[in-house]
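What the coordinates show
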Amino acid sequence: MTDPVMTTNGQTYERAFIEKWFQHHSTDPLLNTTVMKVVFPNRALNEAITDFNAQYATLKVTQQSVEDKELAVQVWMEETQSALMRKATAVQKVQESVQQVQESVQQIKLSVESLSDRLTDCDRSLISTIADLEGVRDAATQAQQVVLREKQDIVESSELLEYYVAVQS
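Before going into details, it helps to say that this report is about the structure given with it. (Residues numbered from 1 in each chain as written. Predicted model: local features only at pLDDT ≥ 70, side-chain atom pairs only at ≥ 80, totals over all residues. Heavy atoms only, no water.)

**Remarks on the overall build of the protein**
Of regular secondary structure, the protein possesses three helices and three strands. Secondary structure elements of the protein occur, N-terminal to C-terminal, as β-β-α-β-α-α. Its C-alpha atoms give the protein a radius of gyration of 44 Å, clearly above 15 Å, the size a compact globule of 169 residues would have. Seen through its principal axes, the protein has C-alpha atoms that stretch 155 × 30 × 20 Å. Per-residue burial for the protein yields a buried fraction of 14% across its 169 residues. Looking at the protein as shown, the accessible area adds up to about 13,400 Å², and 57% of this sits on carbon and sulfur atoms. Each charge class in the protein was averaged separately, 15 positive and 25 negative side chains, and the resulting centres sit 10 Å apart. (Helix = DSSP H or I, 4+ residues; strand = E, 2+ residues; numbered from the N terminus. Rg over C-alpha atoms; globule rule 2.2 N^0.38 Å. Buried < 20%, exposed > 50% of the residue type's maximum accessible area, 1.4 Å probe, protein only. Areas by Shrake-Rupley, 256 points an atom, 1.4 Å probe, with all protein chains shown as cover. Lys, Arg positive; Asp, Glu negative; His and termini not counted. Charge placed at Lys NZ, Arg CZ, Asp CG, Glu CD.)

**Let's talk about the packing of aromatic side chains**
Throughout the structure, instances matching the rule amount to four aromatic pairs. For the pair Tyr 13 and Phe 17, a centre-to-centre distance of 6.0 Å together with 35° between the ring planes defines the contact as tilted. Note on Tyr 13: relative accessible area 10%, which makes it buried. Exposure remark for Phe 17: the relative accessible area of 41% places this residue in the partly exposed category. Put simply, the rings of Tyr 13, Phe 17 and Trp 21 pair up and form one aromatic cluster. (Phe/Tyr/Trp six-rings, centres within 6.5 Å; stacked < 30°, edge-to-face > 60°.)

**Quick look at the side chain of Asn 9**
Counting through the fold element by element, Asn 9 comes out in the loop between strand S1 (4–6) and strand S2 (12–14). A distance of 3.4 Å separates a polar atom in the side chain of Asn 9 from the backbone nitrogen of Gln 11. Setting aside its immediate chain neighbours within four residues, Asn 9 contacts Asp 28, Leu 31, Thr 33, Val 35 and Val 91. (Polar contact = N/O pair within 3.5 Å; in protein donor to acceptor, adjacent residues only side chain to side chain. Contact = heavy atoms within 4.5 Å.)

Here is the structure:
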């Protein structure tokens, strides 16, 4: 591996391979899960590879024993495993952050629904109040009409009374 990169789910691949893969797929080739087509340099693994290559070259040049080469490989594997564990921890933290954001979004949705329900209740109350006010207005209009009829009756009665008084005199 010469140019290690990580996908958004924390898997490491050779850059050329994964970029070619992403030209035709939107899934992780190992896990077959959907991932964003974004890669990040895996610096820890790259450093481990560089260190290993440097150590291997030194071993090759100096013609050390097979045991030393195996030890170098073992050290390189331990360093690589350590680097991958750090990356896995970072990915886990990102996943936890995403979970927290999703929970916050859910709480916001519930709050919006609650506010919507309250607004609906207020609308119903307002409509009921408007209907009540219209009823009061109609009752006031009817009362005015009754008062006008009674005035007319009084005026007519007053005119009749004047006529009778005039006829009597």
